[in-house]
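So you can see what is in the structure, the chains are spelled out below.
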Amino acid sequence: MNNKQTDLSLSQQNTLLNFDKENVWHPYTSMSDPLPSYLVDSAFGVNINLASGETLIDGMSSWWSVLHGYNHPKLNQALEQQASKMSHVMFGGLTHQSAISLCEKLITLTPQGLDKVFLSDSGSVSVEVAMKMALQYQHAKAHKQKQPLTKTKLMTVRNGYHGDTFAAMSVCDPVTGMHQIFEQVLMKHYFAPAPQSKFNESWSSEDVTELKALFANHHEELAAFIIEPIVQGTGGMRFYHPEYLKACRNLCNKYDVLLIVDEIATGFGRTGKLFACEWADISPDIMCLGKTLTGGYITLAATLCTAHIAETISKGEAGCFMHGPTFMGNALACAVANASIDLLLENDWQKQVKGIEKHLSTMLLPLVQHERVKDTRVLGSIGAVECKQSVNVAQIQKRFVELGVWIRPFGQLIYIIPPLIIEPEQITTLVSAIATVLDEDDCFNP
Ligand SMILES: *Cc1c(COP(=O)(O)O)cnc(C)c1O
């Protein structure tokens, strides 16, 4: 559908790609010997159209952000309508309907108690905001009680990922987050072992033995505990047991530590619940949202907190929360977020996610039989194939493009998280492509 041919000649394409290779940074690749980039001309539905003419079925949702497909008429319309009024106004002293409606929706949809919304630019920034809120809350609380401030650290679990800015990076897994490179400047926080009990398996209470001990020993220093609920994404697509998250909530309550839940990857239906917290039936004190918030259109993030936290901060020494990005509450982003959430609810997202989950379970889980595969797992619209060897990204990427799919593996993981509107036969094409490359030695590092 709507597969428009590119207007770029082959030589124009090459000129663009050469400039890109020489001068444009891409995420997590060398600038002197970069992994190849493919030139995209347009995207419609679940199809990404390359300038070179190929059409690829998108298995990545542009890093977990696309929900309803590319170039959706309703999302386009929301943007156009907003742009015809105003694209942006400063949020200091001014406000607008798009931001207000969005915050109202977020308060209604998220777990109980999250009543105050701070809008910001990106996932990492929303984590910075969450950490700053927790620290400012503890500061205000100590000040009010005329107690010395001891709660200045965070705790998290290994294998976590919370973003690339400095505070967010300080709670990422120390190994994959490369803490040694930034050792001089990174804040030092506490790390508990990663959850071991898997989502679908039986719960072992030993899983929280060390976590409990860390809380018992360090709670006086702890402002907050931060965790990705149920799915540790970038840290390895690990799906852990809801009892673990419940235990985190209980320990935070017991020791007067705030619970920050990073739903940036898991929010808006991805795991089969609207928010992954619901698997454990818990409400956090602070929640971060991003990625899918605008259905993959524009960067936008939100940090929600309880009325108690907002009030404590506001009655503290500073009298306000010390943060305020230039593009806070951007009207274009809020307008498209409103439209994306409306579509999610209209489209019966539960049925969409269940359909993807069922199809992935039938097709992708059996790949575990392959000699190169260590484990396969599926949760909601997320499917992961963990290999015994790491992938050769350049080669596997080239093969996926030849097979008509866009899948971007990392480390030993080939995973897919398609837009919710994907059709069963398109899922079949994605999984068949994975099955094909598993047989190809040059797609893997020795
Ligand atoms: C992607 C991600 C972030 C960072 O979001 P950005 O928009 O890339 O800054 C933070 N936490 C989690 C769990 C994520 O998946």
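Residues numbered from 1 in each chain as written. Predicted model: local features only at pLDDT ≥ 70, side-chain atom pairs only at ≥ 80, totals over all residues. Heavy atoms only, no water.

*Asks:* What is the right way to look at the pairing of strand E16 (residues 413–416) in this model?
*Replies:* A regular strand carries its side chains on alternate faces of the sheet. Burial of the side chains of E16 extends over both faces: Leu 413 and Tyr 415 are buried on one face and Ile 414 and Ile 416 on the other. By the bridge criterion, 4 bridges tie strand E14 (residues 382–387) to E16 in an arrangement that is antiparallel. Pairing of Glu 386 across the sheet is with Leu 413, part of E16. (Buried < 20%, exposed > 50% of the residue type's maximum accessible area, 1.4 Å probe, protein only. Helix = DSSP H or I, 4+ residues; strand = E, 2+ residues; numbered from the N terminus. Pairing = 2+ DSSP bridges.)

*Asks:* Before we go on, may I ask you to explain the nonpolar core in this structure?
*Replies:* Most often, soluble globular proteins have nonpolar side chains that are buried together. Counting 92 residues, the largest nonpolar core has Leu 211, Phe 215, Phe 225, Ile 227, Ile 414 and Ile 434 as its most contacted members. No fewer than three residues from each of domain 1 (10–68 + 348–443) and domain 2 (76–346) sit in this core. Sequence-distant contacts of Ile 227, defined by excluding residues within four places in its chain, comprise Val 157, His 162, Tyr 240, Tyr 244, Leu 245, Cys 248, Leu 259, Ile 260, Val 261 and Asp 262. Of all hydrophobic cores here, the second largest spans 26 residues; its members include Phe 118, Met 131, Tyr 137 and Ile 260. (Core = buried A, V, L, I, M, F, W, Y, C linked by side-chain atoms within 4.5 Å. Domains from an automatic or database assignment. Contact = heavy atoms within 4.5 Å.)

*Asks:* Even after reading the chapter, I still don't get the site of the ligand, so can you show me in this structure?
*Replies:* Around the ligand lies a shell formed by Ser 122, Gly 123, Ser 124, Tyr 161, His 162, Gly 163, Glu 228, Asp 262, Ile 264, Ala 265 and Lys 291. One of the backbone N or O atoms of Gly 123 is found 2.9 Å from an oxygen atom in the ligand. Between Lys 291 and the ligand, the recorded distance is 2.6 Å, taken from a side-chain N or O atom to an oxygen atom. (Near = heavy atom within 4 Å. Polar contact = N/O pair within 3.5 Å; in protein donor to acceptor, adjacent residues only side chain to side chain.)

*Asks:* Help me out: how do you make sense of the domain arrangement of the protein chain in this one?
*Replies:* In many reports, interface size means the accessible area that the parts give up when they come together. In terms of domains, the protein chain is made up of domain 1 (10–68 + 348–443) and domain 2 (76–346). Distance from the C-alpha centre of domain 1 to the C-alpha centre of domain 2: 27 Å. On the side of domain 2, 30 residues touch domain 1, which itself brings 25 residues to the contact. Interface area for domain 1 against domain 2, summed over the two sides, is near 2,200 Å², with a carbon-plus-sulfur share of 66%. Per-residue buried area on domain 1 facing domain 2 is highest for Trp 64, Trp 349 and Leu 379; these three make up 34% of the total on that side. At the surface where domain 1 touches domain 2, the tally comes to 0 salt bridges. (Buried area = accessible area lost by both parts, 1.4 Å probe. Salt bridge = Lys/Arg side-chain N within 4 Å of Asp/Glu carboxyl O.)

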